Amino acid sequence: MLRVLCLALCGLLTHARAEPGALLRLGMDIMNHEVQSAMDESHILEKMAAEAGKKRPGVKPIKGITDMKVKDVKLPVITLNFTPGVGIFQCVSTGMTITGKSFIGKNMEIIVVLNITATNRILQNEETGLPTFKSEGCEIILVSVKTNLPSKMMPNVISKFLDSTLHKVLPGLMCPAIDAVLVYVNRKWANLNAPMPIGQMGTVKYILTSMPTTTASYIQVDFSPVVQQQDGNAIQLADAGEAPEFPEDYTEGSSQLLLSAALLTAELALLQKSFDLNTQDRRVGKLPPQTTATLAGFIPEVAEAYPKPKRLVTQIRINKPPKVTMKTGESLLHLHGTLEMFAARRRGKVPVSLFLLEAHFKLKVQYSVHENRLQMTTSLDRLLSLSRESSSIGAFSEKQLMGFITDFLREAYIPAVNDELQVGLPLPDFLDMNYNLAELDIVENALVMDLKVD
């Protein structure tokens, strides 16, 4: 009995485990750009150099050197490598000149070329749930040292002095620079899990599914997005079966964001009511006049009921959540709803229902990015089915209306849907990413954005 309960519980836990609705791969292109930008923005080496000669509470002065200053800091060259299971190994190559008065009473210059190395471990902050880098094992490796001290006179003394001085000065001067750079990088994750609006209907926020993982080629961050209605109720992402995966043909070192069809479906569920339509315009696009006389050309019974032409009033109600499907190179939006047509009456009188149809149609979707939001533009792919639910003009075959309704959807309904879609769908806010540069690709059950740096 205990074994049966255990198996049942394990099955429930497995079923309940959230599959990622979005995946992020950070390649070396973005990480190089971010670390270099943080180094440039922070001016940290210059700041460390400016602080070097100042007295700091609790820090003992270095013996054998007074009036110490650091100048001529060289532009750093940064090299990064992924460390599987850990994060990023970082090497900063730079140089500087240390000046001051030496123990022999003369002005001293030490010209140093060095490498600063550290491992930047990627973690998940327990309080915020955000990715965060933390440096470990900072070391200073001297590449070359030149000085104007008279080493020929006292080679052992000078050598010992230089070695002692540099090992005291450099770690305290340079290692905090690594930490300071990571502070800048970590700040750029701060808004990642903040709720972002989808029109006036709700929000989406990108929550980490688990701790980021590191391979030899990239860092992967898995998201379980939370799509929430205005009233606070969450829309569950549908189980799409096999979890979507990145294609393998992207350039080594590049970065991608994958958005699942299930995520896009959940986000569009927020806009379901927005896809309803009421129209009573006599003229719609390139269509003939929207009157009972035009409709009678498809259903002769309309002419018998309305010998004098009446303006048509059309209502479309989407009664099932929209669904996005994707296969390589193609994305479709499936809509299920009702289409009801009325004959308008004189002002103040309620229009008369002619018929009510159940309709299923699908739209082709094209994706783009504008102002860092995902944009969708649709066009009618096909009207899949029509079924009559009620009719005040007698029985008729729905096939008679397929052409008429198809034209109406194309000219009147699709433009209205595209207007609503202009709100755009929010994208993960991290590292000041400029999504406008991304190249988009539709794959099996997902949209992949090949990210580019400025």
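See above for the structure.
Just so it is clear, the model here is predicted, and its values are computed rather than measured.

(A) Spatial organisation of the overall build of the protein. Within the protein one finds eight helices and 22 strands. For the protein, with 454 residues in total, the buried portion stands at 45%. The long-range share in the protein, meaning contacts at least 24 apart out of those at least 6 apart in sequence, stands at 68%. For the protein, the computed accessible surface area is about 23,500 Å², with 52% contributed by carbon and sulfur atoms.

(B) Seen up close, the sheet that holds strand 13 (residues 255-260). With antiparallel pairing, six strands are arranged side by side in an open sheet as 9-10-1-13-22-21. Every interior strand has two partners, whereas the edge strands, strand 9 (213-214) and strand 21 (439-443), have only one. As paired strands, strand 21 and strand 22 (residues 446-451) are joined by five bridges and run antiparallel to one another. Residue pairing for strand 22: Glu-439 is matched across the bridge by Asp-450. Helix 2 (residues 28-42) rests against strand 1 (22-26), strand 13 and strand 22 of the sheet, and its axis sits at about 65° to strand 1. On top of the sheet, helix 5 (residues 261-269) reaches strand 1, strand 13 and strand 22; it is set at about 55° to strand 13, its chief contact.

(C) Spatial organisation of the pairing of strand 1. Most of strand 1 sits inside the fold, with five of its five residues counted as buried. Alternating residues of strand 1 divide into Ala-22, Leu-24 and Leu-26 and Leu-23 and Arg-25, and every residue in both groups is buried. Here strand 1 runs beside strand 13; their pairing, made up of four bridges, is antiparallel. Bridged to Leu-23 within strand 13 is Leu-258.

(D) Molecular detail of the packing of aromatic side chains. All chains considered together, the criterion is met by six aromatic pairs. Judged by centre distance (6.4 Å) and plane angle (70°), the ring pair of Phe-430 and Tyr-435 falls under edge-to-face. Given the relative accessible area of 0%, Phe-430 is considered buried. You can call Tyr-435 buried: its relative accessible area is 2%. What links up through ring pairs into an aromatic cluster is the set Trp-189, Phe-430 and Tyr-435. Sitting over the ring of Phe-396, Arg-388 keeps its end group 5.2 Å from the ring centre.

(E) Representation of the nonpolar core in the model. Phe-355 and Tyr-413 are the most contacted members of the largest nonpolar core, which totals 122 residues. Per element, the largest residue contribution to this core is twelve residues, and it comes from helix 4 (residues 155-187). Once residues within four sequence positions are removed from consideration, Phe-355 is found in contact with Leu-295, Ile-299, Leu-339, Glu-340, Met-341, Ser-390, Ser-391, Ile-393, Phe-396 and Leu-401. Residues Tyr-250, Leu-258, Val-443 and Val-448 belong to the second largest nonpolar core, which totals seven residues.

(F) Inspection of helix 8 (residues 402-421) at higher detail. Maximum bend of helix 8: about 40°, positioned at Leu-409. Taken residue by residue, helix 8 has Phe-404, Ile-405, Thr-406, Phe-408, Leu-409, Ala-412, Tyr-413, Ile-414, Val-417, Asn-418 and Leu-421 as its buried positions.

(G) Structural view of the state of the cysteines. By the definition in use, this model includes one disulfide. Each sulfur in the disulfide pair Cys-138 and Cys-175 lies 2.0 Å from the other. Residues Cys-138 and Cys-175 are joined by a disulfide whose S-S torsion is about -85°; by sign, that bridge is left-handed. In this pair, Cys-138 is assigned in strand 6 (residues 131-147) and Cys-175 in helix 4, connecting sequence segments 37 residues apart. Residue class for Cys-175 comes out buried when judged on its relative accessible area of 15%.

(H) Region of the structure containing the pairing of strand 15 (residues 312-318). Buried residues dominate strand 15, accounting for five of its seven residues. Pairing of strand 14 (residues 277-279) with strand 15, which is carried by three bridges, proceeds in the antiparallel orientation. What sits directly across from Asn-278, in strand 15, is Gln-315. Sheet topology note: the strand 15/strand 17 (residues 330-343) ladder contains seven bridges and is antiparallel. Opposite Ile-318, over in strand 17, you have Gly-337 as the bridge partner.

(I) The arrangement of a negative patch on the surface in detail. A cluster of like negative charges, contributed by Glu-242, Glu-245, Glu-248, Asp-249, Asp-441 and Glu-444, occupies part of the molecular surface. Mapped onto the elements, Glu-248 comes out in the loop between strand 12 (234-235) and strand 13. Accessibility expressed as a relative area gives 68% for Glu-248, which makes it exposed.

(J) Summary view of the side chain of Arg-25. The residue Arg-25 is located in strand 1 in this model. Here Arg-25 occupies a buried position and makes no salt bridge, while the nearest side chain of opposite charge, Glu-248, is found at 4.4 Å. Here Tyr-218 takes part through its side chain, which lies 3.1 Å from a polar atom of the side chain of Arg-25. Beyond its immediate stretch of four places on either side in the chain, Arg-25 contacts Tyr-218, Ile-219, Gln-220, Phe-246, Glu-248, Ser-255 and Gln-256.

Reading guide: rules and limits
Residues numbered from 1 in each chain as written. Predicted model: local features only at pLDDT ≥ 70, side-chain atom pairs only at ≥ 80, totals over all residues. Heavy atoms only, no water. Helix = DSSP H or I, 4+ residues; strand = E, 2+ residues; numbered from the N terminus. Buried < 20%, exposed > 50% of the residue type's maximum accessible area, 1.4 Å probe, protein only. Contact = heavy atoms within 4.5 Å. Areas by Shrake-Rupley, 256 points an atom, 1.4 Å probe, with all protein chains shown as cover. Pairing = 2+ DSSP bridges. Axes fitted to C-alpha atoms, helices over the stretch in contact; angles between N-to-C directions. Phe/Tyr/Trp six-rings, centres within 6.5 Å; stacked < 30°, edge-to-face > 60°. Lys NZ or Arg CZ within 6 Å of the ring centre and 35° of its normal. Core = buried A, V, L, I, M, F, W, Y, C linked by side-chain atoms within 4.5 Å. Bend = angle between axes of the 7 residues up to and from the residue. Disulfide = S-S within 2.5 Å. Patch = residues over 30% accessible without salt bridge, like charges linked within 9 Å, V, L, I, M, F, W, Y side chains within 5 Å. Salt bridge = Lys/Arg side-chain N within 4 Å of Asp/Glu carboxyl O. Lys, Arg positive; Asp, Glu negative; His and termini not counted. Charge placed at Lys NZ, Arg CZ, Asp CG, Glu CD. Polar contact = N/O pair within 3.5 Å; in protein donor to acceptor, adjacent residues only side chain to side chain.

No statement about biological role is implied by the geometric values presented.
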